[in-house]
Amino acid sequence: MEPVGHASESEPVGPDNESTGATSHDGAGSERAKTTTAGQPKLRDIQSGCSTRGTRDGREKGARSAFSSLDCPCANMRGCPFCRTPRPSDEESQLAMVQKRVSKGDAAAIARLGNHYLDGALGLAKDVPRAIEMWTEAAELGSVDAHYQLGVTYYYGVGVEEDKPRGVRHWQEAAMKGFVESRHNLGYAENIRGNCELAVKHWMISAKMGDEDSLDAIKEMFILGRATKTQYAEALRGFGHAVEEMKSHQRDEAKRLGL
C-alpha cells in the first residue's frame, strides 16, 4: 500500500511539512544540468551508518544497506544503556531479538528485518519481495528509514521494476519528517531531471541540517552558475550552525553516558 498524501514529484517539501512552493525548469540549461555530478545520491551502509555517494557500480550495494540501526541503540552496542540488554554474539540470538520486537509492532525492527531479508543476513534466505513487504509495513507504521529504503529500491530498481516517481514519493515522505538523506536525494533527483532551482532548494534544506554532501552540491552548482552567491553563503552559515549544534549534543550525550 502506497503512503497517501504525497506531494507532487517536483515539489520540494521542508521538514516542517510545508512546500517551499516554487517549481522551475532551467530551459536551455536543463541538458547541462543532467550531466553534472553535483549531489550524488546518498546510500547508507548498514554496519557503520555512514552515508556514501552513489555510483553506477555502488548503487545496488549501497541500496541493500540502507539501515544503520534500530531506534534502540542495543542493535549497535555491546550493552544498551536504555533497555539494559546485552547484544547477542551469535546470529540466531540477534535474529530472535529483532523478531521479538517485530512481534510487538516495532516499526524500526520491522524495517531492519526487511534489510536482513534483502541481504540474506542472520541466517535468513535472501528474499527481495519479503524485504519490500517488511519495509512497506514499517513505512505505514511511520518508519522514515523504511521510506528511505523503499525510495532507493524503486528509484534504482533494486530487485523490482524501476519506478522513479514511486521512489521519489517515498523520499518525500521521509524528507517531510526531517530525514536528511532523503532530502539530499530529492535534490539529486531534481538535478537529474534538469530542475536546478528545485535541486538547490532541497540541498539548501539538507545543508542547513548539517549535511556536508548537500553543501558540496550547492558549492558545485554555484561554480557552474546554477546557484547564487547568496544561496551558497546562506548554506555555509546554516551548515556551520548545524554542525555546532550536533557537536554540543554529542558532548552532552557523552557526558550523560559517562563516556
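Residues numbered from 1 in each chain as written. Predicted model: local features only at pLDDT ≥ 70, side-chain atom pairs only at ≥ 80, totals over all residues. Heavy atoms only, no water.

Visitor: Before we move on, can you summarise the overall build of the chain with the specific residues and values?
Guide: A tally of helices and strands in the chain yields eleven helices and two strands. What you see in the chain, going N to C, is helices and strands ordered as α-β-β-α-α-α-α-α-α-α-α-α-α. The buried share among the 259 residues of the chain stands at 48%. At a minimum sequence separation of 6, the contacts of the chain that also span at least 24 residues come to 56%. (Helix = DSSP H or I, 4+ residues; strand = E, 2+ residues; numbered from the N terminus. Buried < 20%, exposed > 50% of the residue type's maximum accessible area, 1.4 Å probe, protein only. Contact = heavy atoms within 4.5 Å.)

Visitor: Tell me about the nonpolar core, and name the residues and values.
Guide: Generally speaking, soluble globular proteins have nonpolar side chains that are buried together. The biggest cluster of nonpolar side chains holds 21 residues, and the ones touching the most others in it are Val102, Leu113, Tyr117, Ile132, Trp135, Ala146 and Leu150. Among the elements of the structure, helix H3 (91–103), helix H4 (107–119), helix H5 (128–140) and helix H6 (144–156) are those that each provide at least two residues to this core. Broken down by element, this core gets its largest block of residues, seven residues, from H5. Apart from residues lying up to four places away in sequence, isoleucine 132 is in contact with Leu150, Thr153, Tyr154 and Val160. Counting residues in each nonpolar core, the second largest holds 14 residues, with Cys196, Met204, Ala207 and Phe239 among its members. (Core = buried A, V, L, I, M, F, W, Y, C linked by side-chain atoms within 4.5 Å.)

Visitor: So what's going on with helix H10 (residues 212–223)? Which residues, and what values?
Guide: Counted at 1.5 Å a residue, the expected span for H10 with its twelve residues is 16 Å, and the 17 Å between its end C-alpha atoms agrees. Taken residue by residue, H10 has Asp213, Ser214, Leu215, Ala217, Ile218 and Met221 as its buried positions. (Expected span 1.5 Å × (residues − 1).)

Visitor: Tell me about the pattern of salt bridges, and please be specific about residues and values.
Guide: On inspection of all chains with the given rule, the structure shows five salt bridges. Residue arginine 101 is joined to aspartate 106 by a salt bridge in which the shortest nitrogen-to-oxygen separation is 2.8 Å. With a relative accessible area of 17%, arginine 101 lands in the buried category. (Salt bridge = Lys/Arg side-chain N within 4 Å of Asp/Glu carboxyl O.)

Visitor: Tell me about unusual backbone geometry, and please be specific about residues and values.
Guide: Peptide bonds are trans in most cases, and residues, glycine excluded, mostly fall at negative phi. The backbone phi angle of leucine 122 is positive, close to 55 degrees, even though this residue is not glycine. Residue leucine 122 is classed as buried on the basis of its relative accessible area of 12%.

Visitor: Just give me the short version of the side chain of serine 143, but keep the residues and values in it.
Guide: Within the secondary structure layout, serine 143 lies in the loop between H5 and H6. Judged by its relative accessible area of 7%, serine 143 is buried. When neighbours within four sequence positions are excluded, serine 143 is seen to be in contact with Ala107, Ala111 and Ala138.

Visitor: I'd love a proper account of H5, names of residues and values included.
Guide: In an α-helix, one turn spans 3.6 residues, which is why side chains three or four residues apart end up on the same side. For H5, which comprises 13 residues, the first-to-last C-alpha distance of 18 Å matches the rise-based estimate of 18 Å (1.5 Å per residue) to within 8%. Those residues of H5 not exposed but buried are Val128, Ala131, Ile132, Met134, Trp135, Thr136, Ala138 and Ala139. Looking at the buried residues of H5, the elements they touch are H4 and H6. Its side-chain oxygen placed 3.0 Å from the backbone nitrogen of arginine 130, aspartate 127 serves as the N-cap of H5. Where H5 terminates, the next one or two residues include glycine 142, which has phi positive at roughly 105 degrees. (Polar contact = N/O pair within 3.5 Å; in protein donor to acceptor, adjacent residues only side chain to side chain.)

Visitor: Could you give an account of the packing of aromatic side chains, naming the residues involved and the relevant values?
Guide: Within this structure, the stated rule accounts for five aromatic pairs. Seen in terms of ring centroids, tyrosine 148 and phenylalanine 179 are 5.3 Å apart; in terms of plane orientation they differ by 55 degrees. Their pairing is tilted. Of this pair, tyrosine 148 sits in helix H6 while phenylalanine 179 is found in the loop between helix H7 (164–176) and helix H8 (180–192), placing the two residues 31 residues apart along the sequence. For the pair shown, tyrosine 148 and phenylalanine 179 are each scored as buried. Considering the side-chain rings of tyrosine 155 and tyrosine 188, the 6.4 Å spacing of their centres and the 65 degrees angle between planes classify their relative orientation as edge-to-face. With a gap of 33 residues between them, tyrosine 155 in helix H6 and tyrosine 188 in helix H8 connect regions that are remote in the sequence. For the residue pair tyrosine 155 and tyrosine 188, the accessibility class agrees, reading buried in each case. Through a chain of ring-to-ring contacts, the aromatic side chains of Tyr155, Tyr156, Trp171 and Tyr188 assemble into a single cluster. Between the NZ or CZ atom of lysine 164 and the centre of the ring of tyrosine 155, over which it lies, the distance is 3.8 Å. The ring centre of tyrosine 154 lies 4.2 Å from the NZ or CZ of arginine 166, which sits over that ring. (Phe/Tyr/Trp six-rings, centres within 6.5 Å; stacked < 30°, edge-to-face > 60°. Lys NZ or Arg CZ within 6 Å of the ring centre and 35° of its normal.)

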